[in-house]
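Chain by chain, the residues:
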Amino acid sequence: MSSAPTRQGLSVRSLAKHYGETAVFSNVSLDVAPGEFIAIVGESGVGKSTLLNCMAALDHWDDGTITHEGVELGALDGEQRAIWRRLKVGFVFQAFHVLPHLDVAQNIALPLMLQGKRDDARVARMLAAVGLAGTGERLPQQLSGGQLQRVAIARALVHRPALLLADEPTGNLDPATAAKVMELLTLQTREHGASLVLVTHSEAAAARADRVLHLRADGIAQG
Ligand SMILES: Nc1ncnc2c1ncn2[C@@H]1O[C@H](COP(=O)(O)OP(=O)(O)OP(=O)(O)O)[C@@H](O)[C@H]1O
Ligand SMILES: [Mg+2]
């Protein structure tokens, strides 16, 4: 068997991260093929959000490599990382990070605008797909927590990213809305070939994944 990293999809090899003297995780290796959906589970504080931030090249790591579509993220400088993220990544943050001074539609349109591709019809379709039709002109402060989470999900999907990273995307949603959101995320994976990495405490969400990986301080393991 070849040990060469996969050219397609996402490949993490022997990743280690610490804050000061404190190790968060070490020896994390995993592959996510295009069209594949993996779930990452693990106790609170074990480093799941930190790992996702590394996968998006939003955070630095101390050892190991992350490769996406043959591009080694550690070799990119800050500007190259930003351009890579803009083109390739959809990220649903645990804390949403919706921009407060933009209305809902403008927040969702942001990834398209950053690529110079305005598409109001697609933004409207995304709004409807997450059950927020008619709220495009509202400001984030006029939405509930679950509605904000759905804005964040629409924003992560609107530019059809090849790498979809979602941190507890259904944490604030009722079971029926959560199921709808999981349908949307898996659609981007199954029909558009995205690699999906989902961090979740939800068994229902993890049950949809091709593989469930368990993050621990000393590595990551199947099941
Ligand atoms: N900027 C930082 N400086 C120092 N320590 C940090 C920093 N950010 C996170 N940590 C620590 O790193 C560890 C991993 O945090 P992280 O947010 O990745 O956990 P998590 O697995 O996502 O937890 P949860 O399930 O609660 O979201 C925690 O112990 C946290 O306190
Ligand atoms: Mg977290």
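Calculation notes
- Residues numbered from 1 in each chain as written.
- Chains lettered and ligands numbered in written order.
- Predicted model: local features only at pLDDT ≥ 70, side-chain atom pairs only at ≥ 80, totals over all residues.
- Heavy atoms only, no water.
- Core = buried A, V, L, I, M, F, W, Y, C linked by side-chain atoms within 4.5 Å.
- Buried < 20%, exposed > 50% of the residue type's maximum accessible area, 1.4 Å probe, protein only.
- Helix = DSSP H or I, 4+ residues; strand = E, 2+ residues; numbered from the N terminus.
- Contact = heavy atoms within 4.5 Å.
- Salt bridge = Lys/Arg side-chain N within 4 Å of Asp/Glu carboxyl O.
- Axes fitted to C-alpha atoms, helices over the stretch in contact; angles between N-to-C directions.
- Parallel < 35°, antiparallel > 145°, perpendicular 65-115°, else oblique.
- Left-handed = near helix turned anticlockwise from the far one by under 90°.
- Nonpolar A, V, L, I, M, F, W, Y, C, P; charged D, E, K, R; others polar.
- Pairing = 2+ DSSP bridges.

### As for the nonpolar core
In terms of nonpolar packing, the biggest core is built from 36 residues, with I108, V151, I153, L157, L185 and L198 touching the most fellow members. Mapped by element, the contributors of at least two residues to this core are β3 (37–41), α3 (104–114), α4 (120–129), α5 (145–157), β7 (163–167), α6 (175–190), β8 (195–199) and α7 (203–206). At seven residues, α5 tops the list of elements feeding residues into this core. If near-sequence neighbours (up to four positions away) are discounted, I108 is found in contact with V123, M126, L127, V151, A154, R155 and V158. V12, L30, I38 and I66 belong to the second largest nonpolar core, which has 31 residues in total.

### Examining the pattern of salt bridges
On inspection of all chains with the given rule, the structure shows eight salt bridges. When the shortest N-O distance is used, the salt bridge between D120 and R118 registers 3.0 Å. For D120, a relative accessible area of 48% translates into the label partly exposed. With relative accessibility at 61%, the residue R118 sits in the exposed group. A salt bridge links R190 to D210; its shortest N-O distance comes to 3.1 Å. Placement of R190 in helix α6 and of D210 in the loop between α7 and β9 (211–216) is noted, with a sequence separation of 20 residues between them. Judged by its relative accessible area of 42%, D210 is partly exposed.

### Concerning α3
Listed as buried for α3 are V104, N107, I108, A109, P111 and L112. With its phi angle positive at about 70°, G116 sits one or two positions after the end of α3.

### Comments concerning the packing of α3 against α4
With their axes 10 Å apart at the nearest point, α3 and α4 run at an angle of 120° to one another. The orientation of α3 relative to α4 falls into the category oblique. Between α3 and α4 lies a crossing whose hand is right-handed. For the pair α3 and α4, contact is made by V104, A105, I108, A109 and L112 and by R122, V123, M126 and L127, respectively. Of the residues that constitute the contact of α3 with α4, the class distribution is eight nonpolar, no polar and one charged.

### Here's the deal with the sheet that holds strand β2 (residues 22–32)
The strands making up a sheet associate through hydrogen bonds between their backbones, and the pairing can be parallel or antiparallel. Spatially, four strands are ordered β2-β1-β4-β5 in an open sheet, and the strand pairing comes out antiparallel. At either margin of the open sheet sits one strand with a lone partner, and together these are β2 and β5 (71–72). Where strand β4 (residues 63–68) meets β5, two bridges bridge the pair, whose relative direction is antiparallel. Residue pairing for β5: H68 is matched across the bridge by V71. In the packing of helix α1 (residues 48–55) onto the sheet, contacts are made with β1 (10–19), β2 and β4, and the angle to β1 comes to roughly 125°.

These figures come from the coordinates and say nothing about function on their own.
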